[in-house]
Amino acid sequence: MTNQNVILITGASSGMGYAATKLFAERGWQVFAGARRVEKIPQLTNVRALPLDVTDSASNQNFVTTAITEAGRIDVLLNNAGYGEFGPLEEVSMANVRKQLDTNLLGAAELAQFVLPTMRAQGSGRIINNSSIGGDLYSPLGGWYYVAKHALNTWSDVLDTEIRQFGLRSVVVAPGGTESSWGEIALKNVTKNLKADSPYQPMVDGTMQLMDRLTESSSATALDLAKVFYRAATDRLPHRRYYYSVADRMMSHFARVHAGAFHQVMNLAVKHFI
Ligand SMILES: NC(=O)c1ccc[n+]([C@@H]2O[C@H](COP(=O)([O-])OP(=O)(O)OC[C@H]3O[C@@H](n4cnc5c(N)ncnc54)[C@H](OP(=O)(O)O)[C@@H]3O)[C@@H](O)[C@H]2O)c1
């Protein structure tokens, strides 16, 4: 069994997962890093790059079994893989809805099921779920993404109440706008999911312009978030939620505590900007 700390990171080929893989490896952790584009995972000492599709049970099982066989322990699972299946709720196909929930929610849940027996036997371990401030707030055209992130938050909280008795924790990191491929993929999906002659076209055009402006002012880098993951992995007493910025924390708080007012603000924003 290795004497290094061991972390499993999903979605390690880009953005925050890529940055986290580098950061944990540089800080001496043994990293099992998974993604579909395995060739894009950082090639570093301490990094074992593995093909992983979190929507595929056999792939999830193979990812975890490889780590247990080679390292003999698992200290942290970082459920990071995800994307935005954006598009109007009336028009996103059910096949794409399932793909969104399989990737952003059920993949994480299944990986947790596979790592927990090992963590329980160790009497230690942590599951970090990369959610979003979109786990508390929302906007038009991202419905299934927000549903998946809201559900991931609740799933993490329930899991935390079940596994603390074994010395284990499940926590959420909730990033706001962060530099990565995420925005580009979400925008591509809006267009893909829009039907010909869609009545939502003007809303999509307005939202795209707004998102472009918001992305320009993206405050955080992927490395910033990797450092938040590191805190979540190593804090002696971990928090239930981690935010990168005070603004992210405040927006989430407002949407959660003043849900009616938030909904009104969103409708006003649609009327005036979209
Ligand atoms: N960027 C933001 O503004 C932002 C804000 C809040 C939350 N988030 C969340 O942060 C997480 C990381 O996203 P990012 O911003 O770093 O975006 P990104 O650069 O697009 O990276 C997404 C990663 O997820 C992986 N992935 C997607 N589907 C997968 C699948 N089926 N199986 C395995 N891996 C899969 C991708 O790898 P492959 O394609 O190679 O498989 C890629 O490595 C996501 O959960 C996202 O929802 C992002």
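Look up a bit, the structure's there.
Residues numbered from 1 in each chain as written. Predicted model: local features only at pLDDT ≥ 70, side-chain atom pairs only at ≥ 80, totals over all residues. Heavy atoms only, no water.

## Section: the environment of Phe229
Then, in step 1: With respect to the helices, strands and loops of the structure, Phe229 is situated in helix α7 (residues 222–234).
Then, in step 2: Beyond its immediate chain neighbours, meaning those up to four positions away, Phe229 contacts Met16, Ala20, Phe24, Leu78, Asn80, Ile128, Asn130 and Val173. (Helix = DSSP H or I, 4+ residues; strand = E, 2+ residues; numbered from the N terminus. Contact = heavy atoms within 4.5 Å.)

## Remarks on the site of the ligand
Then, in step 1: Ser13, Ser14, Arg36, Tyr145 and Ser180 are the nearest of the 30 residues found near the ligand.
Then, in step 2: Contacts to the ligand include Asn130, whose side-chain N or O atom sits 3.0 Å from an oxygen atom.
Then, in step 3: Split by residue class, the shell around the ligand holds ten nonpolar, 16 polar and four charged. (Near = heavy atom within 4 Å. Polar contact = N/O pair within 3.5 Å; in protein donor to acceptor, adjacent residues only side chain to side chain. Nonpolar A, V, L, I, M, F, W, Y, C, P; charged D, E, K, R; others polar.)

## Focus on helix α2 (residues 57–71)
Side chains that are three or four residues apart share a direction in an α-helix, a result of its 3.6 residues per turn.
Then, in step 1: With 15 residues, α2 should reach 21 Å at 1.5 Å per residue; the first-to-last C-alpha distance of 21 Å fits that figure.
Then, in step 2: Listed as buried for α2 are Ser59, Asn60, Phe63, Val64, Thr66, Ala67 and Ala71. Angularly, the buried residues of α2 cover 150 degrees about the axis, an arc narrow enough to put them on a single face. Exposed residues lying more than 90 degrees from the buried face of α2 are Ala58 and Thr69.
Then, in step 3: Looking at the buried side of α2, the elements it contacts are β1 (6–10), β2 (30–35), β3 (47–51) and α3 (94–122).
Then, in step 4: A side-chain oxygen of the first residue of α2 lies 3.0 Å from the backbone nitrogen of Ala58; this N-cap is Asp56.
Then, in step 5: Positive phi appears at Gly72, one or two residues downstream of α2, with a value of about 80 degrees. (Expected span 1.5 Å × (residues − 1). Buried < 20%, exposed > 50% of the residue type's maximum accessible area, 1.4 Å probe, protein only. Arc of directions from axis to C-beta.)

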